[in-house]
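Single-letter residue listing:
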Amino acid sequence: MAEQIFPTKGNLMQAKKTLALCRLGYELLDRKRNVLIREMMLLTDHAKQLRGEIESTYITAYQALQEANITLGVITKIANSVPVETGVQVTFRSVMGVELPQVTIRSQERAVPYGFLMSNAPLDDAYVSFGRAKQITAVLAEVENSIYRLAEAIKKTQRRANALKNILIPRYEHIVKFITDSLDEKEREDFFRLKVIKVQKRNKTD
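Nothing here was measured: the structure is a model prediction, and the numbers come from that model. (Residues numbered from 1 in each chain as written. Predicted model: local features only at pLDDT ≥ 70, side-chain atom pairs only at ≥ 80, totals over all residues. Heavy atoms only, no water.)

1. Describing the overall build of the protein chain
Part 1 of the argument: Broken down by element type, the protein chain carries 3 helices and 2 strands.
Part 2 of the argument: Element order for the protein chain, N to C, with α for helix and β for strand: α-α-β-β-α.
Part 3 of the argument: For the protein chain, the C-alpha radius of gyration of 35 Å lies well beyond 17 Å, the compact-globule estimate for 206 residues.
Part 4 of the argument: Referenced to the eigenvectors of the C-alpha coordinate spread, the extents of the protein chain come out at roughly 130 × 25 × 25 Å. (Helix = DSSP H or I, 4+ residues; strand = E, 2+ residues; numbered from the N terminus. Rg over C-alpha atoms; globule rule 2.2 N^0.38 Å.)

What follows is the structure in structure tokens.
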């Protein structure tokens, strides 16, 4: 053994206590890892769905924008009249101690930023589609950031669980066995010694 362990009952009790804590720690980390993996798998499925949805939404939006540019001329002035989005809010929720973002866009009742006289249906379609794409982008950013954070947390949890399972638990199992065997051997020696003393005393009295 690399460290010197004295085979005493006190050390045996301490080693058993530490071993029990290591096993409990491993069990808790294993549960945490399973919860995080389950959460990440759900988010991964959601991300796949969102990627497909956002792709089709952007295609629709750009097709409508292209048609609006063709029918109305380049609509730069109309585009510049659309206000910058300032309603994005980020909060956090905790999953097994991992802070996951929640991105929301605060809905605001706004009038359409361009007049109907100089617009047409493709422009309206483009405006609505890009608004939808903005909402999906916010959700997708939330989901993908959450997946990244969960993946990092799973790696850390796995490393800690492996350290307990492959290093600390075997070490303290070995220490407990070493001390137990040493104490048993000492007890047998003491018993044999007492037996010899009793025999010697009996021989003397005889």
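2. Description of the side chain of arginine 33
Part 1 of the argument: In this structure, arginine 33 sits in helix H1 (residues 9-72).
Part 2 of the argument: In this structure the side chain of arginine 33 is engaged in a polar contact, spanning 2.8 Å, whose partner is the side chain of glutamine 158.
Part 3 of the argument: Excluding its chain neighbours within four sequence positions, the residues that come into contact with arginine 33 are Ile154, Thr157 and Gln158. (Polar contact = N/O pair within 3.5 Å; in protein donor to acceptor, adjacent residues only side chain to side chain. Contact = heavy atoms within 4.5 Å.)

3. Observations regarding the pattern of salt bridges
In a structure, side chains of opposite charge can pair up when their charged atoms sit close to one another.
Part 1 of the argument: For the coordinates displayed, the defined rule picks out 9 salt bridges.
Part 2 of the argument: Note that glutamate 144 and arginine 51 form a salt bridge whose closest N and O atoms lie 2.9 Å from each other. Of this pair, glutamate 144 sits in helix H3 (residues 121-205) while arginine 51 sits in helix H1; the two residues are 93 residues apart in sequence, bridging distant segments of the chain.
Part 3 of the argument: Using a relative accessible area of 35% as the deciding quantity, one classes glutamate 144 as partly exposed.
Part 4 of the argument: Arginine 51 gets classed as partly exposed once you look at its relative accessible area, which sits at 38%.
Part 5 of the argument: As a salt-bridge pair, lysine 155 and glutamate 152 come within 3.7 Å of each other at their nearest N and O atoms. With lysine 155 and glutamate 152 both in helix H3, this residue pair falls 3 residues apart, about one helical turn.
Part 6 of the argument: Under the relative-accessibility criterion, lysine 155 is labelled partly exposed at 47%. (Salt bridge = Lys/Arg side-chain N within 4 Å of Asp/Glu carboxyl O. Buried < 20%, exposed > 50% of the residue type's maximum accessible area, 1.4 Å probe, protein only.)

4. Points about the confidence of the model for the protein chain
Part 1 of the argument: Per-residue confidence for the protein chain averages 87 on the pLDDT scale, and 92% of its residues sit at or above 70.
Part 2 of the argument: For the protein chain, the element scoring lowest by mean pLDDT is helix H2 (residues 76-80), at 78; H1 scores highest, at 93. (pLDDT = per-residue confidence, 0-100.)

5. A closer look at the pairing of strand S2 (residues 98-105)
Part 1 of the argument: The pairing of strand S1 (residues 88-95) with S2 spans 8 bridges and is antiparallel. Its bridge partner being in S2, valine 90 is matched across the sheet by valine 103. (Pairing = 2+ DSSP bridges.)

6. As for a nonpolar patch on the surface
Part 1 of the argument: A cluster of nonpolar side chains, contributed by Val82, Val112, Tyr127 and Val128, occupies part of the molecular surface with about 310 Å² of accessible area.
Part 2 of the argument: Tracing the backbone shows valine 112 in the loop between S2 and H3. (Patch = residues over 30% accessible without salt bridge, like charges linked within 9 Å, V, L, I, M, F, W, Y side chains within 5 Å. Areas by Shrake-Rupley, 256 points an atom, 1.4 Å probe, with all protein chains shown as cover.)

7. Here we look at the environment of threonine 57
Part 1 of the argument: Take threonine 57: it is sitting in helix H1.
Part 2 of the argument: Residue classification places threonine 57 among the buried residues on the basis of a relative accessible area of 11%.
Part 3 of the argument: For threonine 57 and proline 83, which are 26 residues apart along the polypeptide, the C-alpha to C-alpha distance reads 21 Å.

8. Concerning the packing of aromatic side chains
Part 1 of the argument: Counted according to the given criterion, the structure contains 3 aromatic pairs.
Part 2 of the argument: Considering the side-chain rings of tyrosine 58 and phenylalanine 130, the 6.3 Å spacing of their centres and the 70° angle between planes classify their relative orientation as edge-to-face. In this pair, tyrosine 58 is assigned in helix H1 and phenylalanine 130 in helix H3, connecting sequence segments 72 residues apart.
Part 3 of the argument: Residue phenylalanine 130 is classed as partly exposed on the basis of its relative accessible area of 26%. (Phe/Tyr/Trp six-rings, centres within 6.5 Å; stacked < 30°, edge-to-face > 60°.)

9. Digging into the side chain of lysine 32
Part 1 of the argument: By secondary structure assignment, the location of lysine 32 is in helix H1.
Part 2 of the argument: Of the side chains with opposite charge, glutamate 99 comes closest to the buried, unpaired lysine 32, at an N-O distance of 11 Å.
Part 3 of the argument: Not counting chain neighbours up to four residues away, the residues in contact with lysine 32 comprise Met96 and Thr157. (Lys, Arg positive; Asp, Glu negative; His and termini not counted.)

10. Points about unusual backbone geometry
Part 1 of the argument: A positive phi angle, close to 55°, is found at methionine 96, a residue other than glycine.
Part 2 of the argument: Along the chain, the position of methionine 96 falls in the loop between S1 and S2.

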